[in-house]
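Chain by chain, the residues run as shown.
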Amino acid sequence: MAPLEKRLAIIRDWCKSFAVVADVGAGQGRLARALAEQGQQVYATEKTLKGWQELTSYTRSFFPRITPVLGDGIVPLLALPTSIDIVVIAGMGPRTIQHILRQDYESRAIPAFIVQPMQGLFLLRRYLLENNWFIQRAELVKEHGKIYGMWLVQRAAHNDLDDRSSFFWVPKEFQQSPLFQSLVKARVIQLNQYIDHASLDTPQLEAWQREKQYLTGVIS
């Protein structure tokens with residue numbers, strides 16, 4: 001198997017202390033196979049029958065260390081007799097990740113998640129903070145000229161975050177990364193584009209302006 005992409009290699013390393021890992025939307029199972037080689041028991045999911053069949057084909061030689069599961073997000077995992085220690089949701093858009101996280105809202109059966117969006121990093125981060133997810137670990141990585149962020153999160157008992165605090169707008173969990181300044185600058189450019197094309201009655205305008213204010217203070 002070819003070496004994992006940097007972002008997936010970091011996730012593999014984060015999973016070392018967990019015995020049972022679920023990889024949601026596993027594709028051809030590259031991460032799942034790397035986890036199995038590392039010693040984890042892996043439940044790898046795909047939403048469509050075609051995707052599940054392909055996943056099964058690519059991971060067949062790892063059975064029973066990898067179990068391919070058919071279904072939407074974590075729904076089929078909640079029906080398993082085995083407890084899952086951590087769920088990985090990587091390589092998806094922020095709204096798809098939000099959808100999957102909401103599937104655990106009632107049961108709260110999954111103790112921890114690793115989430116890594118392909119785009120919309122700031123959108124997903126705001127969702128995590130607004131919905132009482134505690135950021136336990138975070139890292140940035142650059143691949144093919146693009147910066148990706150990832151978090152290991154757990155659901156908090158309640159939200160102590162002050163909406164007016166700079167932490168809400170500034171991703172301080174990434175501050176020690178050499179990529180932090182580049183990430184923030186790219187977001188400010190994006191916000192300027194949003195603001196320039198918005199009308200006065202655009203619902204998100206005030207939030208964009210506040211976010212820009214805080215982020216500009218970081219790079220000024």
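All of these numbers come straight from a predicted model, not from anything done at the bench.

*Asks:* Help me understand the overall build of the protein chain, please; the structure alone is not making it clear to me.
*Replies:* A tally of regular secondary structure across the protein chain gives 9 helices and 7 strands. Here the protein chain holds 220 residues, and the buried ones make up 45% of them. Contacts spanning at least 24 positions in sequence make up 66% of the contacts within the protein chain whose residues lie at least 6 apart. Across the protein chain, the centroid of the 25 positively charged side chains sits 4 Å from that of the 21 negatively charged ones.

*Asks:* What is the right way to look at the sheet that holds strand S1 (residues 20-24) in this model?
*Replies:* Remark on secondary structure: sheet strands pair via backbone hydrogen bonds, oriented parallel or antiparallel. Strand order in the open sheet formed by 7 strands is S3-S2-S1-S4-S5-S7-S6, and the pairing between neighbours is mixed. A strand with exactly one partner marks an edge of an open sheet, and here the two such strands are strand S3 (66-70) and strand S6 (133-143). Between one strand axis and the next, the sheet turns through 20 degrees on average, direction left out of account. Of the strand pairs in this sheet, S1 and strand S4 (residues 86-92) are connected by 4 bridges, and their pairing is parallel. Within S4, the position partnered with Val21 by the bridge is Ile86. Sheet strands touched by helix H3 (residues 49-59): strand S2 (41-46) and S3. Its angle to S3, the strand with the most contacts, is close to 170 degrees. Packed on one face of the sheet, helix H5 (residues 94-102) meets S1, S4, strand S5 (113-117), S6 and strand S7 (146-155) and runs near 160 degrees to S4.

*Asks:* Whenever I open this one, the environment of Ala44 confuses me. Can you help?
*Replies:* Position of Ala44 relative to the elements: it lies in strand S2. Judged by relative accessible area, Ala44 falls into the buried class, the value being 0%. Separated by 164 residues in sequence, Ala44 and Trp208 place their C-alpha atoms 37 Å apart. Not counting residues up to four positions away in its chain, the partners in contact with Ala44 are Asp23, Ala26, Ala32, Leu55, Ile66, Thr67, Pro68 and Val69.

*Asks:* I'm lost on unusual backbone geometry in this one. Help?
*Replies:* It is generally the case that most residues other than glycine have a negative phi and that most peptide bonds are trans. Pro64 follows Phe63 through a cis peptide bond whose omega is 5 degrees. Structurally, the position occupied by Pro64 is in the loop between H3 and S3.

*Asks:* What should I look at first to understand the environment of His99 in this one?
*Replies:* Tracing the backbone through its elements, the reader meets His99 in helix H5. Each C-alpha atom, one on His99 and one on Asp72, is 9.9 Å from the other, the two residues being 27 residues apart in sequence. Among the polar contacts listed, one links the side chain of His99 to the side chain of Asp72, at a separation of 3.2 Å.

*Asks:* Would you mind going over the nonpolar core with me for this structure?
*Replies:* One recurring pattern in soluble globular proteins is that nonpolar side chains are buried together. Counting 43 residues, the largest nonpolar core has Val87, Ile89, Leu101, Phe113, Val115, Leu128 and Trp151 as the members making the most contacts within it. What Ile89 contacts, discounting residues up to four positions off in sequence, is Val24, Ile97, Ile100, Leu101, Phe113, Ile114, Val115 and Gln116. Ranked by size, the runner-up nonpolar core spans 28 residues in total, among them Leu4, Ala26, Leu31 and Ile114.

*Asks:* I tried to follow the packing of H5 against helix H6 (residues 121-130) on my own but got confused; where do I start?
*Replies:* When two helices pack together, their arrangement is given by the angle between their axes and by how far apart the axes lie. Axis separation between H5 and H6 bottoms out at 9 Å; the angle between their running directions is 25 degrees. In terms of orientation, H5 and H6 fall into the roughly parallel class. Crossing of H5 against H6: the hand is right-handed. For the pair formed by H5 and H6, the contact residues are Pro94, Arg95, Ile97, Gln98, Leu101 and Arg102 on the first element and Leu123, Leu124, Tyr127 and Leu128 on the second. Class assignment of the residues belonging to the contact of H5 with H6 gives a composition of 7 nonpolar, 1 polar and 2 charged.

*Asks:* Is there a simple way to think about the layout of surface pockets in this case?
*Replies:* A water-sized probe, rolled over the atoms, reveals where empty space remains. By volume, the largest pocket is sized at about 730 Å³. Contributing to the lining of the largest pocket are 30 residues, with Gly120, Phe122, Leu123, Arg187 and Gln190 lying nearest its centre. Mapped onto the lining of the largest pocket, the elements with two or more residues apiece are H5, H6, S7, helix H7 (166-169), helix H8 (180-197) and helix H9 (205-219). For the lining of the largest pocket, the leading source of residues is H6, giving 7 residues. For the lining of the largest pocket, the per-class residue count stands at 15 nonpolar, 8 polar and 7 charged.

Rules used in this analysis
Residues numbered from 1 in each chain as written. Predicted model: local features only at pLDDT ≥ 70, side-chain atom pairs only at ≥ 80, totals over all residues. Heavy atoms only, no water. Helix = DSSP H or I, 4+ residues; strand = E, 2+ residues; numbered from the N terminus. Buried < 20%, exposed > 50% of the residue type's maximum accessible area, 1.4 Å probe, protein only. Contact = heavy atoms within 4.5 Å. Lys, Arg positive; Asp, Glu negative; His and termini not counted. Charge placed at Lys NZ, Arg CZ, Asp CG, Glu CD. Pairing = 2+ DSSP bridges. Axes fitted to C-alpha atoms, helices over the stretch in contact; angles between N-to-C directions. Polar contact = N/O pair within 3.5 Å; in protein donor to acceptor, adjacent residues only side chain to side chain. Core = buried A, V, L, I, M, F, W, Y, C linked by side-chain atoms within 4.5 Å. Parallel < 35°, antiparallel > 145°, perpendicular 65-115°, else oblique. Left-handed = near helix turned anticlockwise from the far one by under 90°. Nonpolar A, V, L, I, M, F, W, Y, C, P; charged D, E, K, R; others polar. 1 Å grid on protein atoms, 1.4 Å probe; cavity = no way out; pocket = protein on both sides within 12 Å on 5 of 7 lines; lining within 4 Å. Points joined across faces, edges and corners; volume = space filled by probe spheres on them.

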